[in-house]
Amino acid sequence: MELAKIDKLVCSWMQRVREIILTGMQCTLTVTTKTNRNDLVTNMDRQVEQFYHQQIKEAFPASVILGEEAKHHPVRVPEQGMLWVVDPIDGTMNFVRQQTDFATMIALFINGQLVRGYILDVPRNELFWGGPGEAVHRNKQQLASPANVALKDGLVQVSNRFILNDYAHSKAIINASSGLRVFGSAGVSFIHLLTGRCVLYMAKLKPWDFLPGVALAMGAGLQVGVLANRPTKLEATSLAVTTPAAWPEIQQIMDGE
C-alpha cells in the first residue's frame, strides 16, 4: 500500500482514538502502577492499544506490533515487512492528574526503515505526521520547518531525571539556553520542537516514546543525537533532538569543553 493511503488510514484511526479517550475521560478511570508509583497505566491505555492492534491486524495482517502495554515485545526491527510501534497514551500522568498535555503516537517501519511518525495532541486535536525525506504536516496543512535557532536563543526541554543527575552536563546546557521547560510527555515535547517553540529535547526514552518523534524530527530537518552507543535493538535510549545550529554547542558542553 502507498504511504499516502497509510497516512490517511492512520489519521482516521487516531481521530477514532481521540473520541474513545474523550469519552473515557467522562468516566472513572482504573489506574494501576507498573515499575513505580509514578509509572501509571490506565484502562484507557489498554483499550486504545487494543484498538490500534485490531485496526493494524485487519489492514495489514502480517505486521509486527510493538506496543507499550503488550506483554511481549520484539527486540529488533525486522528487515522485511511492517513494524508498528504504538504508544496509546503518552504522558499518562498528565492524562490522569491534569487531563491535558498528553498524546497518542505511532511509528512505522517498512523493510527495516523508519518511514513514518504520527503524534496526536489529544486535547488540542493537532495531528502531526510525516517522516524522513517527507514533509511534516499538522492536520491537513504542511508544516514549515522550525527556525534553525542557536542554543542561546531558544528554550530547552530536559527530563527531570537528566537534571537531577546532571546527565550529559544538562545543567550547563540549560544555563546556556534561554530557559527550561518540562512537559511530562515526549509527544508534546516533540511537537514543541516541530513548531519551533523549543530548540532541544533531551531525555532517556523507550522506543514507543521516541520513535514517532524521531521520524518527524528527521522529516523536519532537526538533528537527532544519541548520547551513548547507538542501540542495535529496540531499547531505551538517551537522545538529544535539536536544531542543527544548537547541536555543535550542545556537543561541546556535553564533552566538558
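Small disclaimer: the values here were computed from a predicted structure and weren't measured.

On a plain count of helices and strands, the chain comes out with eight helices and 14 strands. Against the compact-globule benchmark of 18 Å for 257 residues, the chain has a radius of gyration of 18 Å, which places it among compact chains. Expressed as lengths along the three principal axes of its C-alpha atoms, the size of the chain is roughly 55 × 40 × 35 Å. Looking at the chain as a whole, 51% of its 257 residues qualify as buried. Intrachain contacts of the chain at a sequence separation of at least 6 include 60% that bridge at least 24 residues. As displayed, the chain offers around 12300 Å² of accessible surface, 47% of which is attributable to carbon and sulfur atoms. If the 24 positive side-chain charges of the chain are averaged to one point and the 23 negative ones to another, these points end up 3 Å apart.

This part covers the sheet that holds strand β9 (residues 141–142). Taken together, seven strands build an open sheet; the order of strands is β3-β4-β5-β6-β7-β8-β9 and the sheet is mixed. Strands at the two margins of the open sheet, each flanked by one partner only, are β3 (64–67) and β9. Relative to strand β7 (residues 126–130), strand β6 (residues 113–121) is paired through five bridges, and the arrangement is antiparallel. Directly across from Ile119, in β7, lies its bridge partner Phe128. Lying on the sheet, helix α2 (residues 43–59) is in contact with β3, β4 (82–90) and β5 (103–110); it crosses β4 at an angle near 155 degrees.

Inspection of every chain in the model, using the stated rule, returns five aromatic pairs. Here Trp13 and Trp84 contribute two aromatic rings whose centre-to-centre distance is 5.7 Å and whose plane-to-plane angle is 50 degrees, an arrangement assigned as tilted. Of this pair, Trp13 sits in helix α1 (residues 3–24) while Trp84 sits in strand β4, and the two are 71 residues apart along the sequence. Taking relative accessible area as the criterion, Trp13 reaches 4% and is therefore assigned buried. Owing to a relative accessible area of 0%, Trp84 belongs among the buried residues under this scheme. In this structure an aromatic cluster arises from ring pairing among Trp13, Phe60 and Trp84.

Turning our eyes to something else, we now look at helix α8 (residues 247–254). Where α8 is concerned, the buried positions are Trp247, Ile250, Ile253 and Met254. The buried residues of α8 occupy one face: seen down the axis, they fall within an arc of 125 degrees. At its buried positions, α8 is contacted by α5 (170–176), β12 (200–205), β13 (223–226) and β14 (237–242). Gly256 sits one or two positions beyond α8 and adopts a positive phi of about 80 degrees.

Here we take up the pairing of β7. Across the five residues of β7, four count as buried, placing the element largely inside the fold. Between the antiparallel neighbours β6 and β7 lie four residues, among them Asn125 with a positive phi of about 55 degrees. The hairpin formed by β7 and strand β8 (residues 137–138) contains six residues between the paired strands, and Gly133 there has a positive phi angle of roughly 75 degrees.

Take the pattern of salt bridges next. Following the criterion strictly, the structure yields six salt bridges and no others. Of the charged contacts, one joins Arg116 and Asp7 as a salt bridge, the two residues approaching to 2.8 Å between their closest N and O atoms. With Arg116 in strand β6 and Asp7 in helix α1, this residue pair connects regions lying 109 residues apart in the sequence. Among the residues examined, Asp7 registers a relative accessible area of 5% and is labelled buried. A salt bridge links Lys152 to Asp153; the nearest nitrogen and oxygen atoms lie 3.1 Å apart. With relative accessibility at 53%, the residue Lys152 sits in the exposed group. Its relative accessible area of 48% is what places Asp153 among the partly exposed residues. One salt-bridge network, in which partners are shared between bridges, spans Asp101, Asp121 and Arg124.

Thresholds applied
Residues numbered from 1 in each chain as written. Predicted model: local features only at pLDDT ≥ 70, side-chain atom pairs only at ≥ 80, totals over all residues. Heavy atoms only, no water. Helix = DSSP H or I, 4+ residues; strand = E, 2+ residues; numbered from the N terminus. Rg over C-alpha atoms; globule rule 2.2 N^0.38 Å. Buried < 20%, exposed > 50% of the residue type's maximum accessible area, 1.4 Å probe, protein only. Contact = heavy atoms within 4.5 Å. Areas by Shrake-Rupley, 256 points an atom, 1.4 Å probe, with all protein chains shown as cover. Lys, Arg positive; Asp, Glu negative; His and termini not counted. Charge placed at Lys NZ, Arg CZ, Asp CG, Glu CD. Pairing = 2+ DSSP bridges. Axes fitted to C-alpha atoms, helices over the stretch in contact; angles between N-to-C directions. Phe/Tyr/Trp six-rings, centres within 6.5 Å; stacked < 30°, edge-to-face > 60°. Arc of directions from axis to C-beta. Salt bridge = Lys/Arg side-chain N within 4 Å of Asp/Glu carboxyl O.

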